[in-house]
Amino acid sequence: MARRLMQRHLLHYLRSKGLPDVTMYGHLHSVDSISDDLQASRSEGRNLVILGFSQGGFQAVKIARELERRGVDVSLLVSIAAGGLGRVFPGRWGFDPRSVPTNVDVCLNFFSQGDLLGYDRSHQMNEAVGSTASQRVENHMFHAHEGVSHIDLVKCYPEEGIKPAVRTHVIERIMAEISGLKRSGAQQRA
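First things first, this report covers the structure right here in the doc.

For the rest of this paragraph, the subject is the overall build of the protein. On a plain count of helices and strands, the protein comes out with 5 helices and 4 strands. Taken from N to C terminus, the helices and strands of the protein fall in the order α-α-β-α-β-α-β-β-α. By residue count, 44% of the 190 residues in the protein fall in the buried class. By sequence separation, contacts in the protein at least 24 residues apart represent 75% of the contacts at least 6 residues apart. Element-wise, carbon and sulfur atoms account for 53% of the exposed surface of the protein, whose accessible area totals about 9700 Å².

All right, on to the nonpolar core then. Ranked by internal contacts, the top residues of the largest apolar core, which has 30 residues, are L10, I80, V170, I171 and I174. Elements that contribute at least two residues to this core include exactly α1 (2–16), β2 (74–80), β3 (104–112) and α5 (164–189). Element by element, the count of residues in this core is highest for α5, at 7 residues. Among all residues touching V170, those that are not within four sequence positions of it are I80, F110, F142, L153 and A165. Counting residues in hydrophobic clusters, the runner-up holds 18 residues, among them I34, I63, A64 and C107.

Let's shift gears to the environment of F142. Checked against the element boundaries, F142 lands in strand β4 (residues 136–142). In this structure F142 comes out as buried when scored by relative accessible area, which is 3%. Remark: the alpha-carbon pair of F142 and Q113, spanning 29 residues in sequence, is separated by 6.1 Å. When near neighbours in sequence (up to four residues on either side) are disregarded, F142 contacts F111, S112, Q113, V148, L153, A165, V166, H169 and V170.

The next thing to look at is the pattern of salt bridges. Here the idea is simple: oppositely charged side chains can pair when their charged atoms come close. Counted under the stated rule, the structure contains 14 salt bridges. In this structure, D36 engages R70 in a salt bridge whose closest nitrogen and oxygen atoms are separated by 2.7 Å. You can see D36 sitting in helix α2 (residues 31–43) and its partner R70 sitting in helix α3 (residues 55–70), a full 34 residues away along the chain. Between E177 and R136 there is a salt bridge; the shortest N-O distance is 2.8 Å. Here the residue E177 occupies a position in helix α5, and R136 occupies one in strand β4, the gap between them amounting to 41 residues.

Turning next to α2. Along its 13 residues, α2 runs 18 Å from first to last C-alpha, staying within 8% of the 18 Å computed at 1.5 Å per residue. For α2, every residue scored as buried is listed here: V31, I34, S35, L38 and S41. Burial along α2 is one-sided: seen end-on, the buried residues are contained in an arc of 120°. Of the surrounding secondary structure, the elements contacted by the buried residues of α2 are β1 (49–53) and α3. Residue G45 follows α2 closely and has a positive phi angle near 90°.

The rules we used
- Residues numbered from 1 in each chain as written.
- Predicted model: local features only at pLDDT ≥ 70, side-chain atom pairs only at ≥ 80, totals over all residues.
- Heavy atoms only, no water.
- Helix = DSSP H or I, 4+ residues; strand = E, 2+ residues; numbered from the N terminus.
- Buried < 20%, exposed > 50% of the residue type's maximum accessible area, 1.4 Å probe, protein only.
- Contact = heavy atoms within 4.5 Å.
- Areas by Shrake-Rupley, 256 points an atom, 1.4 Å probe, with all protein chains shown as cover.
- Core = buried A, V, L, I, M, F, W, Y, C linked by side-chain atoms within 4.5 Å.
- Salt bridge = Lys/Arg side-chain N within 4 Å of Asp/Glu carboxyl O.
- Expected span 1.5 Å × (residues − 1).
- Arc of directions from axis to C-beta.

See below:
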């Protein structure tokens, strides 16, 4: 269900905003095969952005961790609603999904108290934590009174249906970070 939601909303939105080089992986792709693809992209000089929603948020951290093992830098790691029921089985992940690997420059972590699927009952259990002082880690929490659900966190269509707080604090924040990467990449090539 999350894969279809991402295809219809966030993936489509990112491509419509001028980011054609966006690939979506699902639960059938192994961490190794995704990491192979991303390592090849990085070797071509591209900045890597890994974005995951729900269980995919855990998977995104796991992929960043594998890339760390391979010595591959990740410019941006985005985790959306990666808590709640998935945290009941932490052994499945084999690592702390809140600890940001050292190879990640920036981590944006979004969660909502109004999300019955992707929120841990303790606010602190939802927060990503950096591994080095040079990392920038931003935790963005929506309070319960804002009424932001699991699906609201990635719902982008119709565009006028995006909750204003989600547009500002999730969608625009991700786009600003990606735009900054594009600008710095263009300056490095010049």
